[in-house]
Amino acid sequence: MNVKELIGEGLFYLDGGMGTLLQDAGLAPGEAPERWNLSHPDVVQSIHRAYYDAGSHIVNTNTFGANSLHFSDEELEQILAAAVENARIARDTSVGMQSKWIALDIGPTGKLLKPYGDLDFEDAVAIFAKTVRIGVRLGVDLIMIETMNDSYETKAALLAAKENSDLPVLVSNAYGEDGKLMTGAEPEAMAALLEGMHADAIGVNCSFGPRQLMPVVERLLKVASVPVFVKPNAGLPQSRNGKTVYDVSPEDFASDVAHMIDMGVRGAGGCCGTTPAYIGALTDKTKNTAVLPLTEKHRTVVSSYTHAVDFSDLPVLIGERINPTGKKRFKQALAEHDIDYILQEGIRQQELGAHVLDVNVGLPEIDEAAMLCEATRELQAVIDLPLQLDTANPTAMERALRLYNGKALVNSVNGKPESMHAIFPAVQKYGGVVIALTLDDSGIPADARGRVQIAKKILEVAASYGISKEDIIFDPLAMTVSADQGAASVTLQAVRMIRRELGCHTSLGVSNVSFGLPMRDAVNSVFFAAALENGLSAAIMNPDSIDMRKVYYAYRVLHGMDENCAAYIDFASTCPQQTVIGSDASRGNATVREEGGSTLQKAILNGRASSAAAQTSLLLQTTEPLEIVQREIIPALDRVGKGFEEKTVYLPQLLMSAEAAKAAFEEIKRRMSSQASTADKKMTVVLATVKGDIHDIGKNIVKLLLENYGFSVIDLGKDVPPDSVVQTVLESGAPLVGLSALMTTTVPAMAETIAALRVSAPNCRVMVGGAVMNEAYSKEIGADCYCKDAMEAVRYAETI
């Protein structure tokens, strides 16, 4: 049996924690665990061997943070070579009788990717690729990507693994207490992304003990067609006599994970705090357990960086407004590179209830590939809807799919061989759901049967690329009834036949049916209703059309798709206040004051930095700077902050709003004297990621928000020794310090820093945060406040 067969056919056991065991062996606070591959190979080998002896099939190399951001090329080579050799020696000397494999362990970079951070997507791919290439050359058996808390970085790592090896790849994410990744992705969204890119197994690790991870595991099992694995922590960390311990015993851990295996989990191990004793208890408990068979879920699903849209759940509305066809103002925006106008169109369609946004930026006079990539990046920075990438340019499609954060809808292919062979390879590589037009070299068949035959041909070619029928949505083409009165009937028949005979979903560009007629909304809406009754799955439509939305919400009520008629009632309550916008002329220019807040507030809420700066400059002509801060900027920040705390706003939205507020503040600073600016600053806060920890994402987010709320921030960076923190506090007189740690191995350095502050600066308050922290743990190490996220840090700072 090879490792791919092991993963796909039965129950496989993974290893447990590494960092806590190295600490027990003498790893100093702040010391890089990866360097112990070179300095203490016997210790690393003994830990690996103990896991193999306990029954682990797959043991990870001690390379969680081994990448070119943290080590020179020469040292990286040395560390990886020693790490693989240590695992190999442990495997060969283990007394375990099971099959044994070595996984190259890859953890996060510790940086946030653009547009929320400073690491470019392709740079992240290159960083991971370097580690993968070395590991493959050294002979690892598979790749384990773990503890990822951002969907985009997860994609970068998986892409690097797939482009630089043919080894099996297991991918695991770290979910928060809200069941989402740090940047907002739900389990269903991650399953869509990872399965689309052909991960061999997907899972969840770290963060919590097995019981707390159960809801996430249940959601993954419900949607995943590939094996699901788990590596929980040994519960929650506690500090006892200066040592980190966990509150779940090996026996309780084994019982809880055994229950997950009974639910359908096929791979199991442990993360922080677990030891060979935990893995031994688990293998003893489950060695005779029969795993449930894998089942294909047959889901047609696209995703954004936050959530998935399943075409089986409800009819899907695809907003059509980001398209230059017939839109003079949009063409002007493209020609003038007016990205803000494109973003306004996207935001408006999301507010009107679209589930997916079509993105077409094709104009002869512009670089379509570059513009499609830019529009995709910018739209994903301010809205959380999945996108339909709409282009006839294969190069533009491939480039946009590569950088898309999620699993995109691809518009489109048709029955012509050159069309399918140009687009299907990119979809096979990056994942996606393809809109397939039922036309070929002979044109559009006049009857429904002819269109179904083309659909069958497209399915055959897609299958040859490994693309299942669930990832194909057919558009049987709505033709204008003003030219052919029978056109609508043929299209509706084709919709019905494709759904019933092929079991595939369908989509239509609904408004095509009324071309050349007056009162087009009336024709469009009735045709839309008829198409829904014939099984239509999705419609490309104008979300501004009240008639279309009336049909949609009424259809859901009448077909039992709207519990308690809640969506219909909500729509009806707002419908009379809506204005139908049927042309570019009715849109006009933005005014300073709009319903629901000023244009500046909306720009901040939507994360549009350039618009926020422009609106601030406009307001400064008539309004005092401090009045703008108090009446416009701070209320907007408070609103998005409250949404973040209530889990209705995701971290990327919070960050983009903060950047927009920052742009507004910059305009104000230019108008205010330096004396006035200094006078209105709040207290100074010192921030640091503690000694030995090179992950500064959380700390950087806290810094950005504190500055937006008027605090002066001294950012000491990452891997900061305790004495540096103390010295800075003494020199600046700062009354508050914020400390961050991601890794279990660096918590002692946090405790050491707090102890030093208590001696030298006893009046200074300390707030702490990070993935390994919790309320009880923070109190045990002497912190004044545990902040689970950046907004809590702001709230605590305001109390001081």
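Placed above this text is the structure.
None of the values given here were measured: they were computed from a predicted structure.

Among the residues of helix H15 (residues 394-403), those classed as buried are Ala396, Met397, Ala400, Leu401, Arg402 and Leu403. Of the surrounding elements, those touching the buried residues of H15 are helix H6 (121-138), helix H7 (151-164), helix H14 (368-382), strand S15 (387-390), strand S16 (409-414) and helix H16 (417-430).

A few words now on the packing of helix H17 (residues 448-464) against helix H18 (residues 487-502). Any two packed helices are characterised by the angle at which their axes cross and by the distance between the axes. Relative orientation of the contacting elements H17 and H18 amounts to 40°, with a least axis distance of 9 Å. Looking at the two axes, H17 sits oblique to H18. For H17 against H18, the interelement crossing comes out right-handed. Between H17 and H18, the contacting residues are Ala448, Arg449, Arg451, Val452, Ala455, Lys456 and Leu459 on the first element and Val490, Thr491, Gln493, Ala494, Met497, Ile498, Glu501 and Leu502 on the second. Grouping the constituent residues of the contact of H17 with H18 by class yields 9 nonpolar, 2 polar and 4 charged.

Attention now goes to the packing of aromatic side chains. Within the structure shown, the criterion is met by 7 aromatic pairs. An angle of 80° between the planes, with centres 5.1 Å apart, marks the rings of tyrosine 552 and tyrosine 553 as edge-to-face. With a relative accessible area of 1%, tyrosine 552 lands in the buried category. The exposure class assigned to tyrosine 553 is buried, which follows from its relative accessible area of 12%. A connected cluster of aromatic rings, assembled from ring pairs, spans Tyr552, Tyr553 and Phe571. The cationic tip of arginine 329 hangs over the ring face of tyrosine 341; the distance from NZ or CZ to the ring centre is 4.2 Å.

Mapped onto the elements, glutamine 653 comes out in helix H25 (residues 651-671). Not counting residues up to four positions away in its chain, the partners in contact with glutamine 653 are Tyr305 and Val640.

This part is about the sheet that holds strand S4 (residues 142-148). Across a sheet, strands are paired by hydrogen bonds formed along the backbone, either parallel or antiparallel in direction. Judged by pairing direction, the sheet is parallel, and its 8 strands sit side by side in the order S1-S10-S7-S6-S5-S4-S3-S2 without closing on themselves. Taken across any chain shown, the strands that pair with only one partner, and hence form the sheet edges, are strand S1 (12-13) and strand S2 (58-60). Across 2 bridges, strand S7 (residues 228-231) lies against strand S10 (residues 267-268) in parallel orientation. Residue pairing for S10: phenylalanine 229 is matched across the bridge by glycine 267.

The subject of this paragraph is the pattern of salt bridges. Counted under the stated rule, the structure contains 39 salt bridges. Arginine 91 serves as the salt-bridge partner of aspartate 92, at 3.2 Å between the closest nitrogen and oxygen. Its relative accessible area of 52% is what places aspartate 92 among the exposed residues. Residue classification places arginine 91 among the partly exposed residues on the basis of a relative accessible area of 21%. Ionic contacts of the salt-bridge type, sharing partners, join the residues Asp638, Glu645, Lys682, Arg795 and Glu798 into one network.

Rules and cut-offs
- Residues numbered from 1 in each chain as written.
- Predicted model: local features only at pLDDT ≥ 70, side-chain atom pairs only at ≥ 80, totals over all residues.
- Heavy atoms only, no water.
- Buried < 20%, exposed > 50% of the residue type's maximum accessible area, 1.4 Å probe, protein only.
- Helix = DSSP H or I, 4+ residues; strand = E, 2+ residues; numbered from the N terminus.
- Contact = heavy atoms within 4.5 Å.
- Axes fitted to C-alpha atoms, helices over the stretch in contact; angles between N-to-C directions.
- Parallel < 35°, antiparallel > 145°, perpendicular 65-115°, else oblique.
- Left-handed = near helix turned anticlockwise from the far one by under 90°.
- Nonpolar A, V, L, I, M, F, W, Y, C, P; charged D, E, K, R; others polar.
- Phe/Tyr/Trp six-rings, centres within 6.5 Å; stacked < 30°, edge-to-face > 60°.
- Lys NZ or Arg CZ within 6 Å of the ring centre and 35° of its normal.
- Pairing = 2+ DSSP bridges.
- Salt bridge = Lys/Arg side-chain N within 4 Å of Asp/Glu carboxyl O.

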